[in-house]
Amino acid sequence: MILSTLIQAVAQILHMVISIYIWVVIIAALITWVRPDPFNPIVQTLYRLTEPVYAWVRRYIPTTVGGIDLAPLIIIFGLQFIDLFFVKLLFQLSASL
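Please read these numbers as outputs of a predicted model, since none were measured by experiment. (Residues numbered from 1 in each chain as written. Predicted model: local features only at pLDDT ≥ 70, side-chain atom pairs only at ≥ 80, totals over all residues. Heavy atoms only, no water.)

Just checking my understanding: could you explain a nonpolar patch on the surface for this structure?
A cluster of nonpolar side chains, contributed by Leu 3, Leu 6, Val 10, Leu 93 and Leu 97, occupies part of the molecular surface with about 470 Å² of accessible area. A per-element tally of the nonpolar patch places helix H1 (residues 2-31) first, with three residues. With respect to the helices and strands, the residue Leu 6 is situated in helix H1. (Patch = residues over 30% accessible without salt bridge, like charges linked within 9 Å, V, L, I, M, F, W, Y side chains within 5 Å. Areas by Shrake-Rupley, 256 points an atom, 1.4 Å probe, with all protein chains shown as cover. Salt bridge = Lys/Arg side-chain N within 4 Å of Asp/Glu carboxyl O. Helix = DSSP H or I, 4+ residues; strand = E, 2+ residues; numbered from the N terminus.)

I would appreciate a short explanation of helix H2 (residues 41-60) in the present structure.
Residue pairs three or four apart in sequence face the same way in an α-helix, which turns once every 3.6 residues. Taking 1.5 Å per residue as the helical rise, H2 with its 20 residues ought to reach 28 Å, and the 30 Å between its terminal C-alpha atoms agrees with that figure. Approximately 35° is the largest bend angle found in H2, and it occurs at Thr 50, with the proline Pro 52 only one to four residues beyond. Listing the buried residues of H2 in full gives Val 43, Leu 46, Thr 50, Tyr 54 and Val 57. Those residues of H2 that are buried are in contact with H1 and helix H3 (71-96). Two to three positions downstream of the cap, the backbone nitrogen of Ile 42 sits 2.8 Å from a side-chain oxygen, assigning the N-cap of H2 to Asn 40. (Expected span 1.5 Å × (residues − 1). Bend = angle between axes of the 7 residues up to and from the residue. Buried < 20%, exposed > 50% of the residue type's maximum accessible area, 1.4 Å probe, protein only. Contact = heavy atoms within 4.5 Å. Polar contact = N/O pair within 3.5 Å; in protein donor to acceptor, adjacent residues only side chain to side chain.)

Is there a simple way to explain the pattern of salt bridges in this structure?
Two side chains with opposite charge may pair up if their charged atoms get near one another. Applying the stated criterion across every chain, the model contains two salt bridges. Note that Glu 51 and Arg 58 form a salt bridge whose closest N and O atoms lie 2.8 Å from each other. Look at Arg 58 and you get partly exposed, because its relative accessible area is 33%. If you follow the salt bridges from partner to partner, you end up with Glu 51, Arg 58 and Asp 69 in one network.

What is the right way to read the packing of H1 against H3 from this model?
Packed helix pairs are characterised by how far apart their axes lie and by the angle those axes make with each other. Packing of H1 against H3 leaves a shortest axis separation of 9 Å and a crossing angle of 170°. The angle between H1 and H3 places the two elements in the roughly antiparallel class. Among the residues making up the contact of H1 with H3, the classes are represented as 19 nonpolar, six polar and one charged. (Axes fitted to C-alpha atoms, helices over the stretch in contact; angles between N-to-C directions. Parallel < 35°, antiparallel > 145°, perpendicular 65-115°, else oblique. Nonpolar A, V, L, I, M, F, W, Y, C, P; charged D, E, K, R; others polar.)

In this structure, what is going on with the packing of H1 against H2? I would like to understand it.
Their axes nearest at 10 Å, the elements H1 and H2 cross at an angle of 110°. In this view, H1 runs roughly perpendicular relative to H2, as classed from their interaxial angle. Note on element contacts: H2 touches H1 through Val 43, Leu 46, Leu 49, Thr 50, Val 53 and Tyr 54, opposite Tyr 21, Val 24, Val 25, Ile 27, Ala 28, Ala 29 and Ile 31. Here the residues of the contact of H1 with H2 are counted per class, giving 12 nonpolar, one polar and no charged.

So, in C-alpha cells, the structure goes:
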C-alpha cells in the first residue's frame, strides 16, 4: 500500500516536471521569433534551461532544416514519449501492487 502510493507520487511529480519543461521549451522557441533582449533575466533563464538540452540533441541529430531549428520539436516529442510510456508504466506498476 505504501509502496503503491510512493510510486504514484513519483509518477505524478515526473508528469508535472515533464509538462512544465515542455512549456518552457515552447516559450523559449516562441521568444526566439521576436529577437528578445539577451540581457533580460527571463530570456537568460529560458536560455539556461533549454540550451544544454538543445546542444545534446544537436550533437546526435542534425536539427536545422531550411534554416529552421527543429531541436525544440524533437525535445517535445521525446518528452511526450517519456511521459506517455514511462509515467503510465509507473502508474500501472503502482496499480498492480
